[in-house]
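Here's the letter readout for the chains.
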Amino acid sequence: MAVKKACEMFPKSLIEDVHKWGCMKQTGVSLRYMMEFGSKPTERNLLISAQFLHKELPIRVARRAIELQTLPYGLSDKPAVLKVRDWYLESFRDMRAFPEIKDSGDEKEFTQMIKAVKVRHNNVVPMMALGVNQLKKGMNSGNLDEIHQFLDRFYLSRIGIRMLIGQHVELHNPNPPRHTVGYIHTKMSPMEVARNASEDARSICFREYGSAPEINIYGDPSFTFPYVPTHLHLMMYELVKNSLRAVQERFVDSDRVAPPIRIIVADGIEDVTIKVSDEGGGIARSGLPKIFTYLYSTARNPLEEEVDLGTADVPVTMAGYGYGLPISRLYARYFGGDLQIISMEGYGTDAYLHLSRLGDSQEPLP
């Protein structure tokens, strides 16, 4: 497949515009600001929000589009990465072509346009994974440090772009669920989200192995705090799924009953911390630095199968291509939290998910 340079597919003026906007300063927002601003989704506030996004989103998209064209080791020329680059350039073009937003009619049209942008980018994570996988086959994995740093920046930025678009779109919901401001739940129960994520992970475990270890959850069921439930669900699902698989595979041929996974929710003054503990045998100390690198996974890689780039129909699963933990850590860091893994080889693993309770840390802006 011939490599098509961006300048062959897009007008020179657009590429110049991308470089101009990519040099502009990004503006971060905090969870608290999103919550306070969105709590009154008046026409005026929606207009202000749309005007902010009209200027902010092209800057963020332009930065990623530029970076996608300057990646090391020929990664920029991989067909899957070119596809992602085109999505970013198309989205930049759509946003820059949109005229100044002056009234609520403009705002509604703008909202429909950014909604379509969000859908266009749905498959970016697996598509990038496919591109990096194509590169990795011909490389020593020790050389991938630069690629890992790029992917951290790239996916962190994507989380921010999708949060800003999703938040704005959701503020238009005429019947929002109780205690929600866009994507944010002002009284989210971490126990409830942990329980739902655990049930989802157990059902996958049942499907793959025919059985699943028990999961015990400890904490105050009445405790709530403001957070984005979809983000927490994604992180908890990933951690629990890893623990279930480790325990299941360790005890598959054992006469002993598989020990339960324990989830403990602690509400501190600064952080809400969730610990996921398993007795799945742990990870060797030499392997620990690798668990937050992309493309490290002990499961079979679903991207080894041939994928049709034309349809962008990549298996949309995080199991098996080594993205679960690094992306979960980025979700935690996006709102000022973190994810740590402590392991005892021969026994099990503890994952500590720290979520900032204060909600006032600015978005990290790569």
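Within every chain, residues take consecutive numbers counted from 1 along the sequence as written. In keeping with the model being predicted, local features are shown solely for residues with a pLDDT of at least 70 and side-chain atom pairs are shown and tallied solely at 80 or more, while totals for entire chains, interfaces and linings include all residues. As a rule here, side-chain values cover all heavy atoms of the structure and leave hydrogens and water aside.

The criterion, for reference: UniProt positions are given in the numbering used here, feature names are shortened, and annotations may be inferred rather than shown by experiment.
Labelled according to an unreviewed UniProt entry, the chain appears under the name Protein-serine/threonine kinase, originating from Arabidopsis thaliana x Arabidopsis arenosa. Under the Subcellular location (unreviewed entry) heading, UniProt states for the chain: "Mitochondrion matrix".

Let's talk about the overall build of the chain
The criterion, for reference: Secondary structure elements follow DSSP: runs of H or I no shorter than four residues count as helices, runs of E no shorter than two count as strands, and numbering proceeds from the N terminus. Residue contacts are counted whenever heavy atoms from the two residues lie within 4.5 Å of one another. Areas reported as accessible are Shrake-Rupley estimates using a 1.4 Å probe. Residue values count occlusion only from the protein chains shown.
Per the secondary structure count, the chain includes 11 helices and eight strands. Considering only contacts in the chain between residues 6 or more positions apart, those separated by 24 or more positions represent 78%. Only carbon and sulfur atoms are counted for the fraction: they give 51% of the accessible area of the chain, which is about 17,300 Å².

Some thoughts on the sheet that holds strand S4 (residues 225-227)
Put simply, the rule is: In this analysis, strands are considered paired if DSSP registers two or more bridges between them.
Read from one edge to the other, the open sheet built from three strands follows the order S1-S2-S4, with strand pairing classed as antiparallel. Each having just a single partner strand, strand S1 (180-181) and S4 make up the two edges of the open sheet. Both S1 and strand S2 (residues 184-188) contribute to a ladder of two bridges, which runs antiparallel. Residue pairing for S2: valine 181 is matched across the bridge by isoleucine 184.

Regarding the pairing of S2
Hairpin connection between S1 and S2: a loop of two residues separates the two successive antiparallel strands, and glycine 182 in this loop has a positive phi of roughly 60°. In the sheet, S2 pairs with S4 via two bridges, with the strands oriented antiparallel. Bridge assignment links methionine 188 to a residue of S4, and that residue is phenylalanine 225.

Observations regarding the packing of helix H4 (residues 43-68) against helix H8 (residues 145-170)
As a reminder, the rule being used: Helix axes use the C-alpha atoms of the stretch in contact, all axes being lines fitted to C-alpha atoms, and the angles between their N-to-C directions lie in the range 0 to 180 degrees. When an angle is under 35 degrees it counts as roughly parallel; over 145 it counts as roughly antiparallel; between 65 and 115 it counts as roughly perpendicular; any other value is oblique. Should the near helix be turned counterclockwise from the far one by less than a right angle, the crossing is left-handed, whereas a clockwise turn marks it as right-handed.
At a closest axis distance of 10 Å, the pairing of H4 and H8 adopts a crossing angle of 160°. By the criterion of interaxial angle, the relationship of H4 to H8 is roughly antiparallel. Of the two possible hands of crossing, H4 and H8 adopt the one that is left-handed. Residues Leu46, Ser49, Ala50, Leu53, Glu56, Leu57, Arg60, Val61, Arg64, Glu67 and Leu68 of H4 touch H8, and the partners they reach there are Phe150, Arg153, Phe154, Ser157, Gly160, Ile161, Leu164, Ile165 and His168.

Brief notes about the packing of aromatic side chains
Note the following rule: Put simply, two rings from Phe, Tyr or Trp (the six-membered ring, in Trp's case) pair if the centres are within 6.5 Å, and we call them stacked under 30 degrees between planes, edge-to-face over 60, tilted for the rest. Buried, partly exposed and exposed residues are distinguished by accessible area as a fraction of the type maximum, computed with a 1.4 Å probe on protein chains only: under 20%, between the cut-offs, and over 50%, respectively. For a ring to carry a charge above it, either NZ of a lysine or CZ of an arginine must fall within 6 Å of the ring centroid while also lying within 35 degrees of the normal to the ring plane.
By the definition in use, this model includes 12 aromatic pairs. Measuring from ring centre to ring centre gives 5.8 Å for phenylalanine 223 and phenylalanine 225, while their planes differ by 10°; the resulting arrangement is stacked. The class for phenylalanine 225 is buried, based on a relative accessible area of 2%. Seen from their ring centres, tyrosine 294 and tyrosine 323 are 5.0 Å apart, and the 65° between their planes marks the pair as edge-to-face. Of the two residues, tyrosine 294 sits in the loop between strand S6 (271-278) and helix H11 (324-334) while tyrosine 323 sits in the loop between S6 and H11, which places them 29 residues apart along the sequence. For tyrosine 294, a relative accessible area of 2% corresponds to the buried category. Pairwise contacts between aromatic rings join Tyr88, Phe150, Phe154, Tyr155, Tyr294 and Tyr323 into one cluster. Over the face of the ring belonging to phenylalanine 292 we find arginine 329, whose NZ or CZ atom lies 4.0 Å from the ring centre.

Quick notes on the confidence of the model for the chain
Definition in use: A residue's pLDDT is simply how confident the predictor is in it, with values from 0 to 100.
Scored by pLDDT, the chain has a mean of 90; 89% of the residues are at 70 or more. Long-range and interchain partners of residues 311-318, a stretch whose pLDDT sits below 50, account for 23 contacts in this model, where long-range means more than four residues apart.

Some thoughts on the sheet that holds S6
Reading across from one edge, S3-S5-S6-S8-S7 is the order of the five strands in this open sheet, with mixed pairing throughout. Each end of this open sheet is capped by a strand with a single partner; those strands are strand S3 (215-218) and strand S7 (338-344). Neighbour-to-neighbour, the strand axes of the sheet open up by a mean angle of 15°, direction not taken into account. Each of S7 and strand S8 (348-356) is contacted by H11, which is oriented at about 135° to S7, the strand it contacts most.

A closer look at the nonpolar core
How we decide: Side-chain atoms within 4.5 Å are what join buried Ala, Val, Leu, Ile, Met, Phe, Trp, Tyr and Cys residues into a set we call a nonpolar core.
Counting 104 residues, the largest nonpolar core has Met128, Tyr155, Leu232, Met236 and Leu353 as its most contacted members. Ranked by the residues each element gives to this core, the list is headed by H8, at 12 residues. Discounting chain neighbours no more than four positions away, the residues touching methionine 236 are Ala194, Ala197, Ile263, Ile274, Val276 and Leu353.

Considerations on the pattern of salt bridges
The cut-off we apply is this: The rule for a salt bridge is simple: a side-chain nitrogen of Lys or Arg has to be within 4 Å of a carboxyl oxygen of Asp or Glu.
Enumeration over the complete set of coordinates arrives at 13 salt bridges. For glutamate 363, the salt bridge identified is with arginine 60, shortest N-O distance 2.8 Å. Of this pair, glutamate 363 sits in the segment after S8 while arginine 60 is found in helix H4, placing the two residues 303 residues apart along the sequence. In this structure glutamate 363 comes out as buried when scored by relative accessible area, which is 5%. Where arginine 64 meets glutamate 67, a salt bridge forms, and the shortest distance between an N and an O atom there is 3.0 Å. Of the two residues, arginine 64 and glutamate 67 both sit in helix H4, three residues apart, roughly one turn of that helix. Using a relative accessible area of 4% as the deciding quantity, one classes arginine 64 as buried. On the accessibility criterion, glutamate 67 (14% relative accessible area) is buried.

Some remarks on the packing of helix H6 (residues 104-120) against H8
The angle between the axes and the distance between the axes are what describe a pair of packed helices. Here is the rule: Residues are sorted three ways: Asp, Glu, Lys and Arg are charged, Ala, Val, Leu, Ile, Met, Phe, Trp, Tyr, Cys and Pro are nonpolar, and all the rest, Gly among them, are polar.
Remark: H6 packs on H8, axes separated minimally by 10 Å, with the N-to-C direction vectors making an angle of 135°. By the angle between their directions, the pair H6 and H8 is classed as oblique. The handedness of the crossing between H6 and H8 comes out as left-handed. The residues of H8 that touch H6, namely those facing Glu107, Thr111, Ile114, Lys115, Val117 and Lys118, are Arg162, Ile165, Gly166, His168 and Val169. Residues that form the contact of H6 with H8 fall into these classes: four nonpolar, three polar and four charged.

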